[in-house]
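Structure at a glance
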Amino acid sequence: MSRFLIRRAGLGLITLWLLSVIVFLGAQVLPGNPARAILGQDAAPASVAQLNSQLGYDRPLLERYFDWLGGVLTGDFGTSYLYQSSAGDLIATALGNSLKLGLVAVVLVVPLSLAGGVFAALHRGRLADKAVTFGGMIVSVLPEFVTGIVLLLALGIWWPVLPISATAPPGAGPLEELRHLILPALALMAGLFGYIARVARAGTIDVLDADSTRTATVKGLRRREVIRRHVLRNALLPSITVTATQIGYMVGGLVVIERLFNYQGLGLLLFNAAQRKDFPLLQGAVLVVGAIYIVMTLLADVLQAVVNPRVRAQVTSR
Amino acid sequence: MTATSTPLAAPSARRARRVATVRALLRRPSFVIGTAVLCFWVLCALVGQAIVPDDPYATDPANALASPSGAHWFGTDALGRDVFSRVVVGSRAILTISLLAAGLATLLGTTIGLVMGYFGGLVDEALSRVAEAVMALPSVILALLALTALGPSNLTLVVVVGFAYSWVIARTVRAAVLTERGAEYVAAARVRGERSPYIMFGEILPNVVPVVIVEFTVRVGMAVFSVASLSFLGFGVQPPSPDWGLQIADSYGVLSAGAWWTALFPALAIASLVVSVFLIADNVQGALSE
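Residues numbered from 1 in each chain as written. Chains lettered and ligands numbered in written order. Predicted model: local features only at pLDDT ≥ 70, side-chain atom pairs only at ≥ 80, totals over all residues. Heavy atoms only, no water.

As recorded by an unreviewed UniProt entry, chain B carries the name Peptide/nickel transport system permease protein and is attributed to Conexibacter arvalis. Quoted straight from UniProt, the Sequence similarities (unreviewed entry) entry for chain B says "Belongs to the binding-protein-dependent transport system permease family." Turning to chain B, the UniProt record has this under Subcellular location (unreviewed entry): "Cell membrane". (UniProt positions renumbered as here; feature names shortened; annotations may be inferred.)

Labelled according to an unreviewed UniProt entry, chain A appears under the name Peptide/nickel transport system permease protein, originating from Conexibacter arvalis. Database annotation for chain A, UniProt heading Sequence similarities (unreviewed entry): "Belongs to the binding-protein-dependent transport system permease family." In the Subcellular location (unreviewed entry) part of its UniProt record, chain A is described as follows: "Cell membrane".

Brief notes about the UniProt feature "domain: ABC transmembrane type-1" (unreviewed entry) in chain B
With numbering matched to this structure, UniProt assigns "domain: ABC transmembrane type-1" (unreviewed entry) to residues 95-281 of chain B. For residues 95-281 of chain B, the end-to-end C-alpha separation is 16 Å, with 82% helix and 0% strand making up the annotated structure. (Helix = DSSP H or I, 4+ residues; strand = E, 2+ residues; numbered from the N terminus.)

Comments concerning helix α9 (residues 244-251) of chain B
For α9 of chain B, a buried count of 6 out of 8 residues is recorded, marking the element as mostly surrounded by other parts of the structure. Among the residues of α9 of chain B, W244, G245, L246, Q247, I248 and S251 of chain B are the ones counted as buried. Contacts from the buried residues of α9 of chain B go to α7 (144-158) of chain A together with α2 (29-51), α3 (83-119), α8 (196-232) and α10 (261-288) of chain B. One side-chain oxygen of the residue at the start of α9 of chain B lies 3.1 Å from the amide nitrogen of G245 of chain B, identifying that residue as D243 of chain B. (Buried < 20%, exposed > 50% of the residue type's maximum accessible area, 1.4 Å probe, protein only. Contact = heavy atoms within 4.5 Å. Polar contact = N/O pair within 3.5 Å; in protein donor to acceptor, adjacent residues only side chain to side chain.)

Structural notes on the nonpolar core
By size, the foremost hydrophobic cluster in this structure holds 156 residues, and its most contacted members are F145 and I149 of chain A together with I204, L230 and L233 of chain B. Tallying contributions element by element places α3 of chain B first for this core, with 16 residues. Residues contacting L230 of chain B, with those up to four places away along its chain left out, are V140, A143, L144, L147, L157, V161, F235 and G236 of chain B. Within the second largest apolar cluster, 7 residues are counted, among which are L25, F31, V214 and V284 of chain B. (Core = buried A, V, L, I, M, F, W, Y, C linked by side-chain atoms within 4.5 Å.)

A short note on the pattern of salt bridges
Side chains that differ in charge, positive against negative, can pair when their charged atoms come close. Inspection of the entire model under this criterion finds 11 salt bridges over all chains. The closest approach of N and O atoms between K100 of chain A and E177 of chain A, which form a salt bridge, is 3.1 Å. Taken together, the residues K100 of chain A in helix α5 (residues 87-122) and E177 of chain A in helix α8 (residues 174-209) connect sequence positions 77 residues apart. Three or more residues joined by partner-sharing salt bridges are found here, namely E125, R129, E132 and R171 of chain B. (Salt bridge = Lys/Arg side-chain N within 4 Å of Asp/Glu carboxyl O.)

As for the packing of α8 of chain B against α10 of chain B
All names here are of chain B. Following both chains from N to C, one finds α8 and α10 inclined at 165°, their axes separated by 9 Å at the closest point. Taken as axis vectors, α8 and α10 run roughly antiparallel relative to one another. Here the hand of the crossing between α8 and α10 comes out left-handed. For the pair α8 and α10, contact is made by P210, I213, V214, T217, V218, V220, G221, V224 and A228 and by I270, L273, V274, V277, A281, V284, Q285 and L288, respectively. When its residues are assigned to classes, the contact of α8 with α10 shows 14 nonpolar, 3 polar and no charged. (Axes fitted to C-alpha atoms, helices over the stretch in contact; angles between N-to-C directions. Parallel < 35°, antiparallel > 145°, perpendicular 65-115°, else oblique. Left-handed = near helix turned anticlockwise from the far one by under 90°. Nonpolar A, V, L, I, M, F, W, Y, C, P; charged D, E, K, R; others polar.)

Observations concerning the interface of chain A and chain B
Contacts between the two partners involve 47 residues from chain A, matched on the other side by 39 residues from chain B. Buried area between chain A and chain B, summed over both chains or domains, comes out near 3,900 Å², and the portion from carbon and sulfur atoms is 83%. Inspection of the chain A/chain B interface yields 0 salt bridges. Put simply, chain A and chain B have 3 residue pairs in polar contact (both at pLDDT 80 or more) between them. A breakdown of the residues in the side of chain A that touches chain B according to their chemical character gives 37 nonpolar, 6 polar and 4 charged. (Buried area = accessible area lost by both parts, 1.4 Å probe.)

Some details on the UniProt feature "transmembrane region" (unreviewed entry) in chain B
Residues given the UniProt feature "transmembrane region" (unreviewed entry) here are residues 31-52, 93-118, 130-149, 155-173, 220-238 and 258-281 of chain B. Annotation note: span residues 258-281 of chain B, helix share 88%, strand share 0%, distance between end C-alpha atoms 37 Å.

Description of the side chain of N207 of chain B
By the element assignment, N207 of chain B lies in helix α8. Among the polar contacts made by the side chain of N207 of chain B, one reaches the side chain of Y185 of chain B at a distance of 2.9 Å.

Side note on the packing of aromatic side chains
Taken as a whole and assessed by the stated rule, the structure comprises 17 aromatic pairs over all chains. Centre to centre, the rings of F74 of chain B and F84 of chain B are 5.1 Å apart; their planes meet at 85°, and the pair counts as edge-to-face. Of the two residues, F74 of chain B sits in the loop between α2 and α3 while F84 of chain B sits in helix α3, which places them 10 residues apart along the sequence. Take F84 of chain B: its relative accessible area is 17%, and that puts it in the buried class. Aromatic rings pair up to connect W158 of chain A together with W73, F74, F84, W260, W261 and F265 of chain B into one cluster. (Phe/Tyr/Trp six-rings, centres within 6.5 Å; stacked < 30°, edge-to-face > 60°.)

Examining the environment of G125 of chain A
Relative to the assigned elements, G125 of chain A resides in the loop between α5 and α6 (127-141). A sequence separation of 90 residues divides G125 of chain A from T215 of chain A, and the C-alpha atoms of the two residues are 24 Å apart.

Observations concerning a nonpolar patch on the surface
Nonpolar side chains collect at one region of the surface, where V42, L43, L46, V47 and I51 of chain B lie side by side and expose about 460 Å² of accessible area between them. Here I51 of chain B lies in helix α2. (Patch = residues over 30% accessible without salt bridge, like charges linked within 9 Å, V, L, I, M, F, W, Y side chains within 5 Å. Areas by Shrake-Rupley, 256 points an atom, 1.4 Å probe, with all protein chains shown as cover.)

Some words on helix α11 (residues 266-275) of chain A
Residues and elements named next belong to chain A. Burial runs high along α11: 8 of the 10 residues are buried. For α11, the set of buried residues is L266, G267, L268, L269, L270, F271, A273 and A274. Taken from the residues just after α11, K277 is the one with a positive phi, measuring 55°.

This is the structure we're talking about:
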């Protein structure tokens, strides 16, 4: 197990380093000229050159990369052009807000999906099963903002039970704040419903068909009791693993959802940085997004290896 | 899907298999539905401009935000433009860009995957790490980074989205090539003294074509997803071109004023396109692995 952990963590570190190279190249090499990007096409060449040297872009590429990497490793992401303050602090605040949104989403969507999967399994082959399976599949392929628009119209405007802005008015209590997060959280993670429900459904069917369950039923345990004791325990672990794997992908939806609901998280920060060509902020935010994904996949892999020793053997012997 | 056939017997056997696959596909109702919806949008993209009731670019401020009626089936937007005409004509940009991006991704990804699987060793190890690093970024965010640097244009969009997805394809193709590499026909080609590029593209590639086809169809759906999202964010198709993502971005602000039609119809259009492509991809995958 420790060999597996060391190898997996080592690979994760290499991937992280490569990610930093990709992010740096993507932001700095492609344009060739950040000052031109900031000042626009009509700016005078002299002022472009002046801004470039002010920002340090006239230095050699490698020197700039190691400067940036050194900064990032010590927690210094540079200064945002747009907000004229520490990019690291801006990213940390925004990340906190996004985590809050993500947590609300997980708490809302995961139990709902588990219930959906178990429900589908108990009605195997019938209309309810097909509705859950097919509906979940459709929602999982829709872009988040499409789900968001439909939810916003349905629950925010036609049947106005939820606020359509993600930010509560100042002075609102934590409960009110939470209520404002429900719509964006649902839109962000609705796509997960299909995945988790499918895994939970398969897990439930396995257990329902297993001998131990039959014995339990024969022993006279009530159906609800059987489901609670055997089914949930067996369907839960694979569902957690699938959630951990899929959450990384959900980060991409943050940009779109936070823009749609105007929520001050990492996604909106990234969007603003991209729109205003704030390269230090953009680079930092993108790097953080990638790092989150790599860490989440690592966790999912380790979790899977703990649950299923065969996975461990595969990775170590590769 | 297992391609253990010798190169001599391969072409006719392959053709027979292809016919069987198409027959199997046509028996699947969800494949037929998906194909019908996709064909509808392709038709709109090809001839939409000629058949729509109104000029999708013509503004009419006196008639702004009119609700759906006989004159304007899907209502009008904040500039008084006909939403129905814009939805029909808007299919062109997203379909063209997504298909080209998926095509580019397939071309790039298949090549990288062949190289990884065929050469193995250090080349494979290094490219695998790059693939993992690129895939750590959601395609929308990777594209946002590159589009900020390069400036938004349709060509940039194709290249950026194509690049982002090529690495996912490369990994799948690599896995397929690994199972082929040990086959007798590869060893025979080596003994004949064939060059590596010929063995990769002439011998191995025909046998991993099913994998490549599945990857392409899946990536078309993902490309529609990304391109629509990027347009919604303002980094994709640029105004005043009619485009679904852009239409939603322009009009979700007036939703609370009650003008639901400006955003809902393009949203449904995106949904129908993404779902139809997914149904096709899912069925193709199922039919090819039968």
